[in-house]
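Take a look at the letters that make up each chain.
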Amino acid sequence: MMRSLKARIVLFLGILMIVLTMMISIILLYQWRSLILENQRQNALAVARTFAASILDGLIYQESGLLPNEGYLENQIHNFLGKNSQVRWLVMYDRDGHVAVRSSFESSDPGDAGEAEALPPAAGRTGTCIYRSRSFGWILETALPLQIHSKSWGELHMGFDLEPARARLQRLFFLIFGLAVLFVVSITAFIWFFINRVTQSLGRLVTEMKQFDLDNITPTQMKAGEDEIGVLVSNFEKMKQRLQQSRQQLLNAQRQIYHAEKLASIGRLASGVAHEINNPLHGMKSCLYAIAQEPRNLPEVKRYLGLADEALDHIAMIVQKLLGFSRQHAKQTVAMELNGEIEKVLSLLTYRLSKNQIIIEKKFQSDLPLLHADPNLIQEVIMNLLLNSADSMEEEEGGTIHITTASDGEGHIHLEIADTGCGIDSRDLDKIFDPFFTTKDEGKGTGLGLSVSLGIIESHGGTITCQSRPYRGTTFHITLPIQGAK
Amino acid sequence: MKSRIALILLILIFFLALTLLVYRNFMDITTAPDTVFPPAAPLAAAGGRDTVHVGVISRFSPNLIYEGYQPIMDYLSRETGIIFALKLSSSYEETIAQLDQGQIQSAFLGTYLYLKARRDHPIRCILKPLNSQLQPYFHSMVITRDDSPIRSISDLAGKRLALPSALSFSGNWLLGYELQRHGLKVSDLDSVRYFGFHHTVVYQVLLGRFDAGVVKDRVAAEFTGKGIRVIAVSREIPGSPIIVRRDLDPLITEAMVKALLRIDARRPDHRALVRDWDPEFAWGFVPAEESDYDQVDAIFAALEKEPRR
């Protein structure tokens, strides 16, 4: 993630740099090319004008009889070409456009322009043109009319060697290209190192965030600097503290809800428990009555006292079970036997189940592995599910609850509680785990039972699912990892 | 990772291809023919029955004469419908000979040459030029280098003197008239040499080969502030006349006169028109009469009777 961000920034800036550098380089190159060529053109025109002025003087002097007519121009051209190596050829046209003098009779004159268009002779205007000649390579041709106002003596065309200028352009191109590449590489490397430096602390923060564990919150090791990342680190630390507080509050609230729900379950057990206690009490009362009738019959008194003691033990056991169920515990994960915990819950429900003519069919795996979980919380879940099943069969005048336990050999224990009760409407099925959702009459349920059960199972790293068909029954399937939540 | 490398490679290939494209375009320096200056006005036909050949005495180098006089020919041709063509000569005498032989029908003569030629040749003056003060006069001027100790004509004793043509006014004024007035003789000078052109006289003085020289005011004005100093100025001399052969068709003469008299240097459009003309003729003309030159003629005639010493 971090690397990707850095790479993206460098890639984006790199491309931006390349594009900008290329644009600037291209503009510079073409500006310089334009300047160099314009300089060449002006130089060529200056040389051509100077020579044309000299030739024109010669022509005028010849016309005025001040110079000999024969050989003068040829000598001038010969001397000029000898001293100006950049001039590759020279042609002078008369005023009718016919060649009057030329520097060479090889195929080296303007007609040799290849595909390019050379300057037309006798156009009567000063002009320049650059083209590639078959014989001379790149040529800058100048055309100058040998003319004073409307008096014309012809036209002078000169071909200037442009290969050195082109070689200079080539060197310029590679220089600019090299500098541009160097610039882009340097700047990209600089950006890379700069971003690397900037994101180093960000990277450490990301690592801290990755290692963040809600169950084991430790103070951030990073020092909070004064920059934006420092503010981020400081806020992260504050967020961790707030999370820790919130989590503690949540756990407390959850524990209270669990306990409240547990007490609510006890309320729902009240009639059953009362009946359970009532029976031994009646027995005890009968024993006391018999003792009162025959107080001197010591063997009988002894027997009745034994029966009363038995009844008291029974009551004590029931009360102990109730107290055990209702006692508030901190979450404590131990290795426990799931089947035994189910039996404990069933013992609290005996009266309620038998009163409603509910048959319990147990299908326990005998060698079920020990489950690492909090037995009190697991009991609460089982109690919730069994009470719900019993409630669903209250109007059905009996039914069956199938309780199945099994391990899948892959580290999970499965618990299934299936009843033949009234079932759940399919429209309500998605809401049954929502807090405060209940279909029971007012006062008969808090609407927190299944929500609490879901929370307990998830806190153990397990899952709870429900399948139900109205009037056919409901099945809750719980899967718990043997090693508990990770 | 691989896709990232592929992306970077793709980008690099793209930029390399772009660079190659730019390189090819950059190195192709072909340009279409361009025009620095458009063609001049249509060329005047040289020769033909309707052509009036106009001579110019060789007071300047031939190219300078073309530069300054060809626009006048173009103007006359345009205004009169008659073709006027320049015909140069290698000397003052040759221009007179050309007139005699009918090779030229009109000419720009110097004042001194005209005074000599009108005595023996069938010519007449028709126009004389105005100077920058719009007066039909010119001056000859004695020049020295800026750093020269010569302050007046009296200081010329023992000095080297450069003059234009011996048939020019400037070539005769100092030696034939002004030296005498300052109590000097030609023999008091170290040396005297004539040059073909007025400009040559200036260059000789500037180069220090001669201590002083005499040129027309229009040439001296060209070099004012460029290393020369004027130490003496002649009296007002009637401007160098435009002459015609006496047998020239009067209609042509009249057309010439009318066209040139129309030049009014005070009008901006005419200033633009005469911009390239020789400065001596760029201020317009007035009609010239034979009698305008009589006074100067009388002075030189008197001096001719008294040989120089």
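Keep in mind the model is a prediction, meaning the values are calculated, not measured.

Asks: Whenever I open this one, the overall build of chain A confuses me. Can you help?
Replies: Check the secondary structure of chain A and you find nine helices and 12 strands. By the burial criterion, 43% of the 486 residues in chain A qualify as buried. When contacts within chain A are restricted to residue pairs at least 6 apart in sequence, those whose partners lie at least 24 apart make up 66%. Accessible surface for chain A amounts to roughly 27,100 Å². Of this, 55% is attributable to carbon and sulfur atoms.

Asks: Looking at this structure, how should I read the overall build of chain B?
Replies: A tally of regular secondary structure across chain B gives 10 helices and 14 strands. Expressed as a percentage of the 309 residues in chain B, the buried residues total 50%. Here the contacts in chain B between residues at least 6 apart in sequence split such that 77% fall between residues at least 24 apart. A total accessible area of about 14,500 Å² is found for chain B, and carbon and sulfur atoms account for 55% of it.

Asks: Would you take a moment to explain the packing of helix 7 (residues 375-392) of chain A against helix 9 (residues 449-459) of chain A for this structure?
Replies: Working note: a packed helix pair is described by the angle between its axes plus the distance between those axes. Residue and element names in this part refer to chain A. Two elements in contact, helix 7 and helix 9, have axes whose closest approach is 9 Å; the angle formed by their N-to-C orientations is 145 degrees. In this structure, helix 7 meets helix 9 at a crossing whose hand is left-handed. Between helix 7 and helix 9, the residues in contact are Leu377, Glu380, Val381, Asn384, Leu385 and Asn388 and Gly449, Leu450, Val452, Ser453, Ile456 and Ile457, respectively.

Asks: Honestly, a negative patch on the surface in this entry has me stumped. Any pointers?
Replies: All names here are of chain A. A cluster of acidic side chains, namely Glu395, Glu396, Glu397 and Asp441, defines a negative patch on the protein surface. With respect to the helices, strands and loops of the structure, Asp441 is situated in the loop between helix 8 (426-429) and helix 9. Judged by relative accessible area, which is 51%, Asp441 ranks as exposed.

Asks: For this particular structure, what's the right way to read helix 8 (residues 250-261) of chain B?
Replies: Owing to its 3.6 residues per turn, the α-helix brings residues three or four apart onto one side. Residues and elements named next belong to chain B. Between its first and last C-alpha, helix 8 extends 16 Å over 12 residues, near the 16 Å set by a 1.5 Å rise per residue. Residues Ile252, Thr253, Met256, Val257, Ala259 and Leu260 constitute the buried set of helix 8. All buried residues of helix 8 fall inside an arc of 165 degrees around its axis, so they share one side. Projecting away from the buried face of helix 8 at angles above 90 degrees are the exposed residues Pro250 and Leu251. Its side-chain oxygen placed 2.9 Å from the backbone nitrogen of Leu251, Asp249 serves as the N-cap of helix 8.

Asks: Before we go on, may I ask you to explain the sheet that holds strand 3 (residues 83-88) of chain B in this structure?
Replies: In sheet architecture, strand pairing relies on hydrogen bonds along the backbone and comes in two forms, parallel and antiparallel. Residues and elements named next belong to chain B. Pairing in this open sheet of six strands is mixed, and the strands run 3-2-4-13-5-14 from one edge to the other. The open sheet has two free edges, formed respectively by strand 3 and strand 14 (285-287), since each of these has just one partner strand. Taking the axes of each pair of neighbouring strands and ignoring which way they run, one obtains an average angle of 30 degrees across the sheet. Pairing of strand 4 (residues 106-108) with strand 13 (residues 242-245) involves three bridges; the strand directions are antiparallel. Bridging across to strand 13, Phe108 finds its partner in Ile242.

Asks: In this structure, what is going on with the pairing of strand 5 (residues 123-129) of chain B? I would like to understand it.
Replies: Side-chain positions along a regular strand alternate between the two faces of the sheet. Residues and elements named next belong to chain B. Where burial is concerned, most of strand 5 is hidden: six out of the seven residues are buried. Taken together, the four bridges between strand 5 and strand 13 define a ladder with antiparallel strand orientation. Bridge pairing in strand 13 links Leu127 to Ile242.

Asks: Whenever I open this one, the pattern of salt bridges confuses me. Can you help?
Replies: Side chains that differ in charge, positive against negative, can pair when their charged atoms come close. Following the criterion strictly, the structure yields 25 salt bridges over all chains and no others. Among the ionic pairs, Glu300 of chain A bridges to Arg303 of chain A, the shortest N-O distance being 3.2 Å. Of this pair, Glu300 of chain A and Arg303 of chain A both sit in helix 5 (residues 298-326), three residues apart, which is roughly one turn of the helix. One salt bridge connects Glu254 of chain B with Lys258 of chain B, and the closest N-O pair in it is separated by 3.2 Å. You can see Glu254 of chain B and its partner Lys258 of chain B sitting in helix 8, four residues apart, about one turn around the helix. The class for Lys258 of chain B is partly exposed, based on a relative accessible area of 48%. By sharing partners, the salt bridges in this structure join Arg118, Arg119, Arg246, Glu290, Asp294 and Asp297 of chain B into a single network.

Asks: What is the right way to look at the interface of chain B and chain A in this model?
Replies: For an interface, size is often stated in terms of accessible area lost upon the parts coming together. With 44 residues of chain B at the interface, the matching set in chain A holds 51 residues. Carbon and sulfur atoms supply 68% of the area that chain B and chain A bury against each other, a total of about 4,000 Å² over both sides. Contact with chain A buries area across many residues of chain B, yet Phe26, Ile29 and Tyr66 of chain B alone supply 18% of it, more than any other trio. Where chain B meets chain A, there are zero salt bridges. When residues in the side of chain B that touches chain A are grouped by element, the largest group, 13 residues, is from helix 1 (residues 2-27) of chain B. By residue class, the composition of the side of chain B that touches chain A is 28 nonpolar, 10 polar and six charged.

Asks: Sorry if this is basic, but what is going on with the pairing of strand 8 (residues 160-163) of chain B here?
Replies: All names here are of chain B. Direction of pairing for strand 8 relative to strand 9 (residues 191-194): parallel, over a ladder of four bridges. Bridging across to strand 9, Leu163 finds its partner in Tyr194. Tracing the backbone out of strand 8, into helix 5 (residues 169-181) and back to the parallel element strand 9 gives a crossover that is right-handed. Both strand 8 and strand 10 (residues 212-216) contribute to a ladder of two bridges, which runs parallel. For Ala162, the partnering residue across the bridge sits in strand 10 and is Gly213.

Asks: For this particular structure, what's the right way to read the confidence of the model for chain A?
Replies: Note that predicted coordinates carrying low pLDDT should not be read in detail. This prediction gives chain A a mean pLDDT of 83; 92% of its residues lie at or above 70. The model gives residues 113-117 of chain A a pLDDT under 50, and that stretch makes 11 contacts with residues more than four places away or in other chains.

Asks: Please clarify how the packing of aromatic side chains should be interpreted in this entry.
Replies: Centre distance and the angle of the planes are the two values used to describe a pair of aromatic rings. Under the criterion given, the structure shown has 21 aromatic pairs over all chains. With a centroid separation of 5.9 Å and 15 degrees between ring planes, the pair formed by Phe281 of chain B and Phe285 of chain B is classed as stacked. In this structure, Phe281 of chain B and Phe285 of chain B share a single accessibility class: buried. Chaining the aromatic ring pairs together yields one cluster made of Tyr30, Phe173, Phe174 and Phe177 of chain A together with Tyr23 and Phe26 of chain B. Of note, Arg303 of chain A hangs over the ring of Tyr304 of chain A, and the distance from its end group to the ring centre comes to 5.1 Å.

Asks: Please clarify how the sheet that holds strand 7 (residues 358-363) of chain A should be interpreted in this entry.
Replies: All names here are of chain A. Overall, mixed pairing links the five strands, which are arranged 7-9-10-12-11 in an open sheet. On the outer flanks of this sheet lie strand 7 and strand 11 (463-469), each paired with one strand and no other. Across the sheet, the axes of successive neighbouring strands diverge by a mean angle of 10 degrees, strand direction being ignored. Inspection of the sheet shows strand 7 paired to strand 9 (residues 399-407) by six bridges, in the parallel sense. Its bridge partner being in strand 9, Lys362 is matched across the sheet by Ile403. Of the strands in this sheet, strand 7, strand 9 and strand 10 (412-419) touch helix 6 (residues 338-355), which is tilted by about 170 degrees from strand 9. Helix 9 rests against strand 11 and strand 12 (473-481) of the sheet, and its axis sits at about 25 degrees to strand 12.

Asks: Hey, could you run me through the packing of helix 3 (residues 163-210) of chain A against helix 1 of chain B in this one?
Replies: One way to put it is that helix 3 of chain A packs onto helix 1 of chain B with a least axis distance of 10 Å and a crossing angle of 155 degrees. In terms of orientation, helix 3 of chain A and helix 1 of chain B fall into the roughly antiparallel class. Pair helix 3 of chain A / helix 1 of chain B crosses with right-handed handedness. Residue-level inspection shows Arg166, Leu169, Gln170, Leu172, Phe173, Phe174 and Phe177 of chain A of helix 3 of chain A in contact with helix 1 of chain B, the latter providing Leu16, Thr19, Val22, Tyr23, Phe26 and Met27 of chain B. Looking at the contact of helix 3 of chain A with helix 1 of chain B residue by residue, the classes come out as 10 nonpolar, two polar and one charged.

Calculation notes
Residues numbered from 1 in each chain as written. Chains lettered and ligands numbered in written order. Predicted model: local features only at pLDDT ≥ 70, side-chain atom pairs only at ≥ 80, totals over all residues. Heavy atoms only, no water. Helix = DSSP H or I, 4+ residues; strand = E, 2+ residues; numbered from the N terminus. Buried < 20%, exposed > 50% of the residue type's maximum accessible area, 1.4 Å probe, protein only. Contact = heavy atoms within 4.5 Å. Areas by Shrake-Rupley, 256 points an atom, 1.4 Å probe, with all protein chains shown as cover. Axes fitted to C-alpha atoms, helices over the stretch in contact; angles between N-to-C directions. Left-handed = near helix turned anticlockwise from the far one by under 90°. Patch = residues over 30% accessible without salt bridge, like charges linked within 9 Å, V, L, I, M, F, W, Y side chains within 5 Å. Salt bridge = Lys/Arg side-chain N within 4 Å of Asp/Glu carboxyl O. Lys, Arg positive; Asp, Glu negative; His and termini not counted. Charge placed at Lys NZ, Arg CZ, Asp CG, Glu CD. Expected span 1.5 Å × (residues − 1). Arc of directions from axis to C-beta. Polar contact = N/O pair within 3.5 Å; in protein donor to acceptor, adjacent residues only side chain to side chain. Pairing = 2+ DSSP bridges. Buried area = accessible area lost by both parts, 1.4 Å probe. Nonpolar A, V, L, I, M, F, W, Y, C, P; charged D, E, K, R; others polar. Right-handed = clockwise from strand over helix to strand, strands pointing away. pLDDT = per-residue confidence, 0-100. Phe/Tyr/Trp six-rings, centres within 6.5 Å; stacked < 30°, edge-to-face > 60°. Lys NZ or Arg CZ within 6 Å of the ring centre and 35° of its normal. Parallel < 35°, antiparallel > 145°, perpendicular 65-115°, else oblique.

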